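In case you want the letters, here they are:
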Amino acid sequence: MNLKEISFPENQYIQEAAEKRQIVLHHTVSSNAASSIAWWKQTPDRVAVAFIIEKDGKTLQLYEPQYWAYHIGNGSTSDQNRHTIGIEIVNEGILSRERDFGCTQPNFTPQSMYKWCDGKAFFTGKTFILPAPWRGSRYFACYTEEQYTAVAELVKYLSQRFPIPLLVNDTFTYDPANFAFHGIVSHHNLRADKTDLSPAWDFKKFKELLQWKLS
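Some points on the environment of A141
At step 1: Looking at the element boundaries, A141 is found in strand β9 (residues 137–141).
At step 2: You can call A141 buried: its relative accessible area is 0%.
At step 3: Taking the C-alpha atoms as reference, A141 lies 5.8 Å from E92; in sequence the two are 49 residues apart.

Set out below in structure tokens:
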């Protein structure tokens, strides 16, 4: 596992060891880990996660995963955060024609994240396009192959260490009962207003990787 520990302020998470029952997958809504880490450092709310995975698959550890922070947010309880481990995946998330492609042409449809519009080039990568909106959006940034491998390696390691069942909630629905699920969930399973992980995440591929990675 390509893991690197980085320096992170001790006052940005709670140094209290807790039993872990759940891994929560997030994405950053950014193009790199540095911008998310910088934001976590300046916010007083202690919303950080233990791990963040770059697009090249490099895994950064901000603090020991037996500790915790308020990564679920929006009224979640201390208990709900305490017994979870948060993993952030670097990803832009929802793509907007105007914001991310800088284009106001009404007939512009992004087929990839590398596009010319009004003489300017925007982003490189791939776009996942839904036939109908999910939580208000159709266009989402794709995750990288390196990230799938890195997340599978990390989840397998954490499930053995704590232990947490290698059960994956692969739905794209919110249900308060998901807080009681023992296994791997996405942020969107715990909050109706969140779009991470997005439908661009291939749960079939992820679950197949979990069956063999580090076995």
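What about the packing of aromatic side chains?
At step 1: Tallied over the full model, the rule gives 10 aromatic pairs.
At step 2: The interplanar angle of 55° and the centroid separation of 6.1 Å between the aromatic rings of W134 and F140 together place this pair among those described as tilted.
At step 3: A centroid spacing of 4.3 Å and a plane angle of 20° characterise the contact between Y148 and W201, whose relative ring orientation is stacked. One end of the pair, Y148, is in helix α3 (residues 145–161); the other, W201, is in the loop between α4 (187–190) and α5 (203–212), with 53 residues separating them in the sequence.

Here we look at the pattern of salt bridges
At step 1: According to the stated counting rule, one finds 9 salt bridges in the structure shown.
At step 2: The closest approach of N and O atoms between E19 and R21, which form a salt bridge, is 3.8 Å.
At step 3: Exposure remark for R21: the relative accessible area of 29% places this residue in the partly exposed category.
At step 4: A salt bridge links E208 to K204; the nearest nitrogen and oxygen atoms lie 2.7 Å apart. With E208 and K204 both in helix α5, this residue pair falls 4 residues apart, about one helical turn.
At step 5: Classification of E208 as partly exposed rests on a relative accessible area of 43%.
At step 6: What you see here is one network of salt bridges that share partners, running through E16, D79 and R82.

Description of helix α1 (residues 33–42)
At step 1: Residues A33, S36, I37 and W40 constitute the buried set of α1. End-on view of α1: buried residues confined to an arc of 95°, all on one side of the axis. Residues of α1 that are exposed and point more than 90 degrees away from the buried face comprise A34 and Q42.
At step 2: Those residues of α1 that are buried are in contact with β3 (51–53), β4 (59–61) and β5 (84–89).
At step 3: For α1, the N-terminal cap is N32; the gap from its side-chain oxygen to the backbone nitrogen of A34 is 3.2 Å.

Quick look at the environment of I37
At step 1: Checked against the element boundaries, I37 lands in helix α1.
At step 2: The spatial distance from the C-alpha of I37 to the C-alpha of V49 is 9.5 Å, given a sequence separation of 12 residues.
At step 3: With near-sequence residues (within four places) excluded, I37 lies in contact with I6, F8, I52, L60 and L62.

Side note on the pairing of strand β2 (residues 22–27)
At step 1: The buried fraction of β2 is high, at 6 of 6 residues.
At step 2: Burial of β2 is two-sided: the residues Q22, V24 and H26 facing one way and the residues I23, L25 and H27 facing the other way are all buried.
At step 3: Both β2 and β5 contribute to a ladder of 6 bridges, which runs parallel. When the bridges of β5 are listed, I23 appears paired with I85.
At step 4: As judged from the 4 bridges shared by β2 and strand β10 (residues 183–186), these two strands associate in the parallel manner. Of the residues in β10, the one forming a bridge with Q22 is G183.

Here is what the cut-offs are and how they apply
Residues numbered from 1 in each chain as written. Predicted model: local features only at pLDDT ≥ 70, side-chain atom pairs only at ≥ 80, totals over all residues. Heavy atoms only, no water. Helix = DSSP H or I, 4+ residues; strand = E, 2+ residues; numbered from the N terminus. Buried < 20%, exposed > 50% of the residue type's maximum accessible area, 1.4 Å probe, protein only. Phe/Tyr/Trp six-rings, centres within 6.5 Å; stacked < 30°, edge-to-face > 60°. Salt bridge = Lys/Arg side-chain N within 4 Å of Asp/Glu carboxyl O. Arc of directions from axis to C-beta. Contact = heavy atoms within 4.5 Å. Polar contact = N/O pair within 3.5 Å; in protein donor to acceptor, adjacent residues only side chain to side chain. Pairing = 2+ DSSP bridges.

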